[in-house]
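Spelled out from the first residue to the last, the chains are:
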Amino acid sequence: MRMTKTNYDVKKKALENGVRLFEIAQYCNISESCFNAHMRKPLSTDEHQQFLNAIDVITSRKDK
């Protein structure tokens, strides 16, 4: 995964937890292309928190 400075913390957390970006999109009920478009620009506070929460939930499901 190529890391850019835009939304780096979301991408880094996903990588560290073994969560693929398409999994975040699926969890948030948005298309993968829409998710990728969001990730290209600075996220709003709500979007940022939603994606971080999605990583936490997906990670906890994988641990079971």
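Scroll up to find the structure this text is about.
In short, a report on the structure. Just so we're clear, the structure is a prediction, and the values are computed from it rather than from any experiment. (Residues numbered from 1 in each chain as written. Predicted model: local features only at pLDDT ≥ 70, side-chain atom pairs only at ≥ 80, totals over all residues. Heavy atoms only, no water.)

## Some details on the overall build of the protein
Applied cut-off: Numbered from the N terminus, helices here are DSSP runs of H or I no shorter than four residues, and strands are runs of E no shorter than two. We compute the radius of gyration from the C-alpha atoms alone; for a globule the expected value is 2.2 Å times N to the 0.38, where N is the number of residues. Relative accessibility decides the category of a residue: with a 1.4 Å probe and only protein chains considered, values under 20% of the type maximum give buried, values over 50% give exposed, and everything between is partly exposed. Note on contacts: a residue pair is in contact if any heavy atoms of the two residues lie within 4.5 Å. Here the open area of atoms and residues is found with the Shrake-Rupley method and a 1.4 Å probe, where only the protein chains shown may cover a residue.
Within the protein, the secondary structure is distributed over four helices and zero strands. The secondary structure elements of the protein, listed N-terminal to C-terminal, are α-α-α-α. Compactness check: the protein gives a C-alpha radius of gyration of 11 Å against a globular reference of 11 Å for 64 residues, within 12% of the reference. Counting only C-alpha atoms and orienting by the principal axes, one finds that the protein spans roughly 35 × 20 × 20 Å. Per-residue burial for the protein yields a buried fraction of 31% across its 64 residues. For the protein, the proportion of contacts with a sequence separation of at least 24, taken over those separated by at least 6, is 62%. When the accessible surface of the protein is summed, it comes to about 4,400 Å², and 49% of that surface belongs to carbon and sulfur atoms.

## Examining the side chain of N7
Using the following cut-off: Residues adjacent in sequence count toward polar contacts only when both atoms are side-chain atoms; beyond that, a polar contact is any pair of N or O atoms within 3.5 Å, and within protein one must be able to donate a hydrogen and the other to accept it.
Within the secondary structure layout, N7 lies in the segment before α1 (8-16). Of the polar contacts made by the side chain of N7, one reaches the backbone oxygen of M39; its length is 2.9 Å.

## Things to note about the packing of α1 against helix α4 (residues 45-62)
Heads up, the condition is: Inter-axis angles, ranging from 0 to 180 degrees, are taken between N-to-C directions of lines fitted to C-alpha atoms, where helices are fitted over the stretch in contact. Angles are sorted into four bins: roughly parallel if under 35 degrees, roughly antiparallel if over 145, roughly perpendicular if 65 to 115, and oblique for all others. When residues are sorted by character, Ala, Val, Leu, Ile, Met, Phe, Trp, Tyr, Cys and Pro go into the nonpolar class, Asp, Glu, Lys and Arg into the charged class, and all the rest, Gly among them, into the polar class.
Across the interface, α1 lies against α4 with an axial gap of 10 Å and an inter-helix angle of 5 degrees. Considered as vectors, α1 and α4 are oriented roughly parallel to each other. Contact residues: α1 offers D9, V10, K13 and A14, while α4 offers H48, F51, L52, I55 and D56. Class assignment for the residues of the contact of α1 with α4 results in five nonpolar, one polar and three charged.

## Topic: the packing of aromatic side chains
So the rule is basically this: Two aromatic rings from Phe, Tyr or Trp, using only the six-membered ring of Trp, form a pair when their centres are within 6.5 Å; if the ring planes differ by under 30 degrees the pair is stacked, by over 60 it is edge-to-face, and anything between is tilted.
In this structure the tally under the stated criterion is one aromatic pair. Relative to F51, the ring of F35 lies with its centre 4.9 Å away and its plane at 70 degrees, an arrangement referred to as edge-to-face. Note that F35 is positioned in helix α3 (residues 32-39) and F51 in helix α4, a separation of 16 residues in sequence.

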